[in-house]
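Topology and contacts: notes
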Amino acid sequence: MTDTCTLCDLPLAETAVQSNGDQFCCRGCLHVHETLAEREDVSVDDGPEALESDEREVPEDHETTFLRVDGMHCATCETFIEARAGEQSGVSGVDASYITDTARIDHDPEQTDEADLRDDLTGLGYRAYAKDDPKGERQSRDRVLVRLIVGVVFGMMVMMNYIAIIYPTYFDGLFPDAYAEFLGEMLASTSAQYFYLVVGLMAAIVLLFTGGPILKGAYVSARTRQPNMDLLVAIAATSAWVYSTLAIFVGEAQPHVYYDVTVAVVLVVTAGSYYENGIKRKATDRLADLTEAQVETARRHTPEGAGEEVPVGELTAGEQLLVREGERVPVDGTVTEGEGTVDEAVVTGESLPVPKRAGEQVVGGSLLQEGSLVVTVGEGATSSVGRITDMVWNLQSGTHGIQQLADRLATVFVPLVLALAVTVGVGNLLLGASVASTMLLALTVLIVSCPCALGLATPLAIASSVREALERGIVVFDETIFERLRDVDAVVFDKTGTLTTGEMRVQRAEGPERLFERAALLEARTAHPIAAAVADAYAPGDESDEGNGGVATDGGVATASGADAGPGEAESRVTGFESHATGVEGVVDGERVLVGSPDLFAEAGWTVPEELAAGAEEATAGGDVPVLVGTGGQAGGLLVVGDEPRENWAAAVTAVGDRDVEVAVLTGDDERAAAQFRDHDAVDEVFAGVPPEAKAETVARLGDDGTTVMVGDGTNDAPALARADLGIALGGGTALAADAADVAVVTDDLGSLETVFSLAEAANGRVRQNIGWAFLYNGVALPLAAVNAINPLFAALAMGASSLIVVTNSSRPLLGSEE
C-alpha cells in the first residue's frame, strides 16, 4: 500500500483516512475523491499522475531548470523552443508556454548546465534568462524600445523623401505643374537610381532591424509548418521591398517603388505590439506591493543561543533553527523548544492561527505571530511554500497557449495568398508576358495582401481591453483570456480571503461591557489576530459609535464603557501580564482576568457556566472561535470571533451562477467554517479541509468536463490558479498567487468578476469586428490585383484606410462608463 495520498500525493500523517482501499492525507481529499470520482475520462485508480498530463518522469540523475524566455508570442514559438531545447545533449524533456514566457527543461547537469541552456535558447529574437533574474525583463524591454526608435528614425527619413520627392509625381494636380515636372525629369535620370537605392537601404534597416522579431517569427512559422500572422506580415513587407528593388533595375525609366509600404507595415505592426505590451506592463506594475512568503535565510540555533544566519539552501535535516516573533519559518520542521502562535494561512489557507508547542510540526513559509520557537529541520530541508512555488512553475511552463483567432485565420490565408500569386504569375507567363512583368505582377498580389489592418486587429483590441480593465481595477496578465472566457463550464471560489475578508472580527458577545474592556487591555499586549480583534472591538478611550466594531451584545449594539480612559491611563490599569498558547491573563484594576479558549479555562481550573459553555460549543460548530473572559476563577462573558464574509459575496456568486456554470467553493478550513456557503442556491458543491496540492487536483477533476475558472488570493491557492484553465487572483493576495493567475482584481471587489466576464465578451467581439474589416479589404483588393485591375499604389491607400478603421474601432469603449 502506498504511503502517499491518493488524491494529492502528499505524505500520509496522523490525519490520514482510508476508503475502499485508498488512503488520503485528510478528509478534505477524501471528500473531493468521492464527489468527483465519477467524472468522465478520469481514472482515480491511477492517482494524480493520471490527471497531470503535463507532468512527466524525470530521470534520477537529471534536474529541472526553469527559464524565462522573451520573444514567444504564439503557439508556434512554443513548438520551436521545445524542439530547439530538445536537440541539446542531455535534455530529457521540455515544456514551453508563451502565455507565461516560461520553459521547463529536464536535463543532465553533467552534459548541459543552465548557462548552456540559456545560450542555446537565445537567438533568432528569443532571449532566455533565469526565472529570478530581475535584469532580464528590463533588458528585453529596452531592446524592443531601441528597435522601435531606430525604425521610427529611419522610417521618417524614408517618408520625408516620399512626401517631398516621390508622391508629387504620383498625384497630378495636387502639386504645382512645374514642380511635378521638375521632379519627374529628375527621377527619370540615370542618377535617380542612386536616390532610390539610398531610400531602399533605409527601408531595409527598418525591415531587418525593427522588423527582426517579425522575420524571426516568420522563419519559425515556416520551419514548424504553422503559418501565423508573422509570416503574413513578413511576406507582405518583404515583397514590397523586393518589388521596389527589382523595379529600379528592370522597370521603367521612372519606376514606382513601394518602400513606404514596407516601412508602414513593419512600424504599424511593431508599434501596435509595443503599445499592447506597454499597457500590460503598466497593469502588472500595479501589483508591486504584493507580499512574498519565501524565506531566503535562516538563523541556526546553538546551546549558547542564536548562531549565524545562513542561506536556506545550506540547511540539512536535523539542524536546529531559532524563529523569533514576527519571522517566517524558513523550512518545514518540528518544534523542539518554546511555544507560539503560527499563521499558516499562506500555505494551508486556514484563516485561524494555530498554537504550536514542542513536538508539533510547522510548515516553511508560515508566520510566527507570537512567541519564540526552536525548530528542528525536517527531512529534505524543504519549505512548503517552496514546494508550492515549484508546483506553480511546473504548471505554468506546461500551460500551452491557444492560437489567437488572427493566427488561426493566417494558417488558411497565407497559403491562399501564395497560391494566388503563383497562379497569377504562371497564368501571365502562359499568356505570353515577359518574365520581368510576370514577377512584378505576382509581387503586386503579395503587396495587395499586405495585412496592416489584420496585424493591428488583435493587438489594438487587446490593448484597449487591457487598458479598460485596468481602469476598472482589473489587471490582465494573459490576453488569451478574452477568447477563453467565452466557454466557461465551472467557477471555483477559494473561501478565505476571497469570499471572506480573511480578517478576524468579533461577531457577537455575551456579557458585561466592563469585562470585555478589561479583556481588550490584555489582548492589546499580544500580536495574535484574535487578540487584535478583541482589542479593536473594545479599545478604551474610543468615543466613536464604532468603538466596539459594531459587536452585538445581548440584543443590542455595545459601546465601550471605558471611553473616559486615555491610552496612558488604560496602560497603567494593567499591573501583571502572562501569555499562553491559547490566551492571556493578567491583573487589571487590581483583579485577575483570564481571556482565552475553553481549554485554557479548564487547564487553569476556572469554572464556566453552562450557558457560556453552550455558546462556546455553538461558536465552534459554526466555524468561529469562542473566547471566554473571566475574573475571580469563573468565566463571566463570551466573545465569538470569526472571519467575516465579504459584503457582496452572495451577489457575486449569484451573478456567476446565472451564467449557467457550475459553482464550487474550495477551502483549507474545516467543514464548520465553510458551512454557510453550502446554503447558497448558486453553490453546487463545497470542498473543505483541502490542502494546496489537493486544490490543484480538485480543479483538474472539475475541469475534466470543460473549462474551469479558479478565483483565489493566497499562496496556497497558487497551484490551483495555475492548474485552472483561467485563474483570477484578488489583488490583496500574495505575489505567488498573482504570478500564477491570468487576471488579478486589485480592488478586492468580488463584483469585478462579472466585469471580467463582460469585458472578455466585449473584447472578443471587438477583435472579430477588426478582423472582419481587415478581411473585407483583402476580399476586395486581392481579386482586383489578380486580374491586374489595380496597382500597388491604390492597394497601399486602401490598406491605410482599412487600418484607420481598425484603429478607430479599437479606440471605442468596450463597456459603458462606470457609474
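Residues numbered from 1 in each chain as written. Predicted model: local features only at pLDDT ≥ 70, side-chain atom pairs only at ≥ 80, totals over all residues. Heavy atoms only, no water.

Focus on the overall build of the protein chain
From N to C terminus, the protein chain includes 29 helices and 28 strands. When contacts within the protein chain are restricted to residue pairs at least 6 apart in sequence, long-range pairs at least 24 apart make up 68% of them. In the structure as shown, the protein chain presents an accessible area of about 34,300 Å², 53% of it carried by carbon and sulfur atoms. (Helix = DSSP H or I, 4+ residues; strand = E, 2+ residues; numbered from the N terminus. Contact = heavy atoms within 4.5 Å. Areas by Shrake-Rupley, 256 points an atom, 1.4 Å probe, with all protein chains shown as cover.)

A short note on the sheet that holds strand E27 (residues 726-730)
An order of E14-E28-E27-E26-E15-E24-E25 is seen for the seven strands of this open sheet, with the pairing classed as mixed. Each edge of the open sheet is held by one strand with a lone partner, namely strand E14 (474-476) and strand E25 (685-687). The sheet shows a mean angle of 20° between the axes of neighbouring strands, direction not considered. The sheet contact formed by strand E24 (residues 662-666) and E25 spans three bridges and is parallel. Residue pairing across strands places Val-665 opposite Val-686, the latter belonging to E25. This element, helix H25 (residues 692-702), spans strand E15 (488-494), E24, E25 and strand E26 (707-712) of the sheet and lies at about 170° to E24. (Pairing = 2+ DSSP bridges. Axes fitted to C-alpha atoms, helices over the stretch in contact; angles between N-to-C directions.)

Examining the confidence of the model for the protein chain
Predicted confidence across the protein chain gives a mean pLDDT of 76, with 76% of residues reaching 70 or more. Across the protein chain, the secondary-structure element scoring lowest on mean pLDDT is helix H2 (residues 48-51), at 35, and the one scoring highest is strand E22 (residues 625-631), at 93. Here residues 40-55 scores under 50 on pLDDT; set against residues more than four positions off or in separate chains, the count is 28 contacts. Throughout residues 283-293 the model reports pLDDT below 50, and contacts reaching past four residues in sequence, or to other chains, amount to 27 contacts. (pLDDT = per-residue confidence, 0-100.)

Considering the nonpolar core
The biggest cluster of nonpolar side chains holds 54 residues, and the ones touching the most others in it are Tyr-162 and Tyr-196. Setting aside residues no more than four positions away along its own chain, Tyr-162 makes contact with Tyr-167, Pro-168, Val-199, Val-257, Tyr-258, Tyr-259 and Asp-260. (Core = buried A, V, L, I, M, F, W, Y, C linked by side-chain atoms within 4.5 Å. Buried < 20%, exposed > 50% of the residue type's maximum accessible area, 1.4 Å probe, protein only.)

Describing the sheet that holds strand E6 (residues 127-130)
Taken in spatial order, the four strands make up an open sheet running E4-E5-E3-E6, and their pairing is antiparallel. Sheet topology places strand E4 (91-97) and E6 at the edges, where each strand pairs with a single neighbour. Averaged over all neighbouring strand pairs, the angle between strand axes comes to 30°, with direction disregarded. Sheet topology note: the strand E3 (residues 63-70)/strand E5 (residues 102-107) ladder contains six bridges and is antiparallel. Note that in E5 the partner of Leu-67 across the bridge is Ala-103. Those strands touched by helix H4 (residues 114-121) are E3, E4, E5 and E6, and its axis lies near 35° from that of E3.

Some points on a negative patch on the surface
Together, Glu-63, Asp-113, Asp-116 and Asp-119 make up a region of like negative charge exposed at the surface. Position of Asp-116 among the secondary structure elements: in helix H4. Residue classification places Asp-116 among the partly exposed positions, given a relative accessible area of 33%. (Patch = residues over 30% accessible without salt bridge, like charges linked within 9 Å, V, L, I, M, F, W, Y side chains within 5 Å. Salt bridge = Lys/Arg side-chain N within 4 Å of Asp/Glu carboxyl O. Lys, Arg positive; Asp, Glu negative; His and termini not counted. Charge placed at Lys NZ, Arg CZ, Asp CG, Glu CD.)

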